[in-house]
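If you want the building blocks of each chain, they are given just below.
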Amino acid sequence: MDRIHDVVVVGGGIAGSALATVLARDGYDVLVLERQTSYRDKVRGETLLCWGVVELQRLGLEQVLLDAGGCYATRMVPYDELLPPAHAEAAAAPLAGLLPGVPGALDVGHPEACEALATAAAGAGATVVRGVGDVEVVPGEEPVVRYEHDDVAYQVGCRLVVGADGRMSTVRRQLGIELQQCAPRTMGGGMLVDGLHDWPAGQMSLGTEGDVYYLMFPRAGGRARLYLMHDLAQRGRFAGPDREKAFLDAYQLSCIPGSAMFAAAEPAGPCVFYPMNDSWVDDPRAPGVVLIGDAAGWNDPIIGQGLSISLRDVRMVADVLRASTDRSPAAFTPYVEERRERMRRLRISAEVVTALSATFTPQATARRAAYSAVFRTDPVLGGPRLATIVGPDQLPAEGFTRQNVERILAMG
Ligand SMILES: Cc1cc2nc3c(=O)[nH]c(=O)nc-3n(C[C@H](O)[C@H](O)[C@H](O)COP(=O)(O)OP(=O)(O)OC[C@H]3O[C@@H](n4cnc5c(N)ncnc54)[C@H](O)[C@@H]3O)c2cc1C
């Protein structure tokens, strides 16, 4: 055995590096094993909605992401084919102060956030090893982790292994934890762009026009992360050699004032699309091992919850470690049960938002019009939508029943 640590975290992305920072600050001996030597833009989450900011603040990590270039969007304007632009602006939702002490939704580059959190973990005393391969986890009361780094094989012991290695989690596969998935609902993807200097600072926007659902998240200096969702039947629409141009052309939507600015924007990263779906596991635990973040099952990115989910996971797992020295699977029951209900509710939110905003039929348009008239004032009908901003546990349970979903689907 090369060394014994308190905790070995496999995967130094958002969830893994955030947890490592928090635990190292608490004085734990933490080892982070990260496959990449440098973080790349793979078109992942870059907007932390308000309830995720609460988690970030509770973890003491807000300044880390602000220093990484993060900035707050303070209002959301729903430019949409259903509304003249002036009406959309009048209907803008304030994001600042919606939750106590939360300045808005935090926009930050994903590679930059991972880099900043990994650096913070190392600064707090964690050992962060990048460029590892062949990670192998042996569960048990005294788990063992084997890995390769610079052609040298290592074997370390610990009290707990945390699998934070993302969607295709090696740890999950090695433990034989089955990943359940629903069928893809849409195709979704995005591109980072520069040159949007005319876009109002601090204003995010989302809405539907024609056959696309767009989500626009600005950052400082004219940079923005643009996402688009389209029907599965159009798979490959943004896949050819001219994909960047096709993507920016699709953004010239008549519901957005001045949308010609998108034609002049400069691609600042790859344009990548994925099938959008939900996934989950029955139980993200094994003796001496627990999964967090996407490794434990991801929510459909159409509602942009993955970063908030990851940070809630980090807090729940850190709280278990702080509460006692018990590292048995039973000690993680509060996390497992809370996560199960949280993800169930967010699956409903994703289904509802897809039905309202990314289903491109006249019936869906009528449903969206009817829903937009009531969702802000009716916490049950509005619950699945509002949950994405304030958090799924902040709304009445009746909002997340099948019966309520059917009511929403029947609207219009
Ligand atoms: C198109 C798209 C848009 C999205 N938009 C949003 C959004 O706006 N807001 C939001 O909140 N969420 C969004 N998400 C979701 C969000 O990106 C993820 O939920 C979040 O990144 C999960 O963090 P993680 O740390 O679990 O995984 P990751 O960020 O994927 O990190 C996993 C890490 O593990 C490493 N790793 C993998 N395998 C191994 C291995 N075997 N050994 C060692 N290391 C390994 C990887 O290199 C990586 O660094 C989006 C996702 C997609 C696909």
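Caption draft 1: Representation of the domain arrangement of the protein. Assigned domains within the protein: domain 1 (3–65 + 108–182 + 278–342), domain 2 (74–96 + 186–276) and domain 3 (347–409). Here domain 2 and domain 3 have C-alpha centroids that lie 22 Å from each other. Taken together, the 7 residues of domain 2 in the interface contact 7 residues of domain 3. Considering only residue class, the side of domain 2 that touches domain 3 consists of 3 nonpolar, 2 polar and 2 charged.

Caption draft 2: Structural context of the nonpolar core. Membership of the largest hydrophobic core comes to 128 residues, with the highest contact counts inside it found for Leu19 and Ile292. Residue contributions to this core peak at 10 residues, all from helix α9 (residues 333–357). If we skip the residues at most four places from it in the chain, Ile292 touches Ala15, Leu19, Val162, Ala164, Ser310, Asp313, Val314 and Val317.

Caption draft 3: Geometry of the packing of helix α8 (residues 306–323) against α9. Running from amino to carboxyl end, α8 crosses α9 at an angle of 160°, the nearest separation of the two axes being 9 Å. In terms of axis orientation, α8 runs roughly antiparallel to α9. Read as a crossing pair, α8 and α9 show a hand that is right-handed. For the pair α8 and α9, contact is made by Arg312, Asp313, Met316, Val317 and Val320 and by Pro334, Tyr335, Glu338, Arg339 and Arg342, respectively. Of the residues assigned to the contact of α8 with α9, the class counts are 5 nonpolar, no polar and 5 charged.

Caption draft 4: Region of the structure containing the site of the ligand. Near the ligand there are 39 residues, and of these Gly11, Gly13, Gly45, Gly293 and Gly306 occur at the shortest range. Every element with two or more residues in the shell around the ligand is listed here: α1 (14–25), β2 (30–34), β3 (47–48), β13 (186–194) and α8. Looking at side-chain class alone, the shell around the ligand contains 15 nonpolar, 18 polar and 6 charged residues.

Caption draft 5: Expanded view of the sheet that holds β3. Ordered by their spatial adjacency, 3 strands build an open sheet running β3-β7-β4, and the pairing between neighbours is antiparallel. With partners counted over all chains shown, the strands left at the sheet margins are β3 and β4 (71–73), one partner each. For β3 and strand β7 (residues 105–107), the ladder comprises 2 bridges, and the chain directions are antiparallel. Note that in β7 the partner of Leu48 across the bridge is Leu106.

Caption draft 6: Layout of α8. Between its terminal C-alpha atoms α8 stretches 26 Å, which fits the 26 Å expected from 18 residues at 1.5 Å a residue. Most of α8 is tucked away: 13 of the 18 residues are buried.

Caption draft 7: Here's a closer look at the packing of α9 against helix α12 (residues 402–409). Taken N-terminus to C-terminus, the directions of α9 and α12 make an angle of 10°; their axes are 10 Å apart at the nearest point. Judged on the interaxial angle alone, α12 and α9 are roughly parallel. Side by side, α9 and α12 meet where Ile348, Glu351, Val352 and Ala355 of the first sit next to Val405, Ile408 and Leu409 of the second. Partitioning the contact of α9 with α12 into residue classes produces 6 nonpolar, no polar and 1 charged.

About the thresholds
- Along each chain, residue indices are assigned from 1 in the same order as the chain's sequence is written.
- Two thresholds apply to this predicted model, a pLDDT of at least 70 for residue-level local features and 80 or more for giving and counting side-chain atom pairs, whereas whole-chain, interface and lining totals are computed over all residues.
- Here the limits of each domain have been adopted from an automatic or database domain assignment.
- The contact criterion used is a C-beta to C-beta distance within 7 Å, with each C-beta placed from the backbone.
- Residues are grouped as follows: Ala, Val, Leu, Ile, Met, Phe, Trp, Tyr, Cys and Pro are nonpolar; Asp, Glu, Lys and Arg are charged; every other residue, Gly included, is polar.
- We define the nonpolar core as any set of buried residues of the types Ala, Val, Leu, Ile, Met, Phe, Trp, Tyr and Cys, connected via C-beta atoms lying within 7 Å of each other.
- Labels follow a simple rule on C-beta atoms placed from the backbone: if 20 or more others lie within 10 Å of a residue's own, it is buried; if 12 or fewer, it is exposed; otherwise it is partly exposed.
- Secondary structure elements follow DSSP: runs of H or I no shorter than four residues count as helices, runs of E no shorter than two count as strands, and numbering proceeds from the N terminus.
- Note on method: axes are straight lines fitted to C-alpha atoms, helices fitted across the in-contact stretch only, with angles between N-to-C directions ranging 0 to 180 degrees.
- The scheme is simple: roughly parallel for angles under 35 degrees, roughly antiparallel for over 145, roughly perpendicular for 65 to 115, oblique for anything else.
- Crossings are classed by handedness, with left-handed meaning an anticlockwise turn of the near helix from the far one by less than a right angle and right-handed meaning a clockwise turn.
- Think of it this way: take the backbone, place a C-beta atom on it, and check whether that atom is within 6 Å of the molecule or strand, in which case the residue is near it.
- DSSP calls a pair of strands paired once it identifies at least 2 bridges connecting them.
- What a helix should span is 1.5 Å times the count of its residues minus one.

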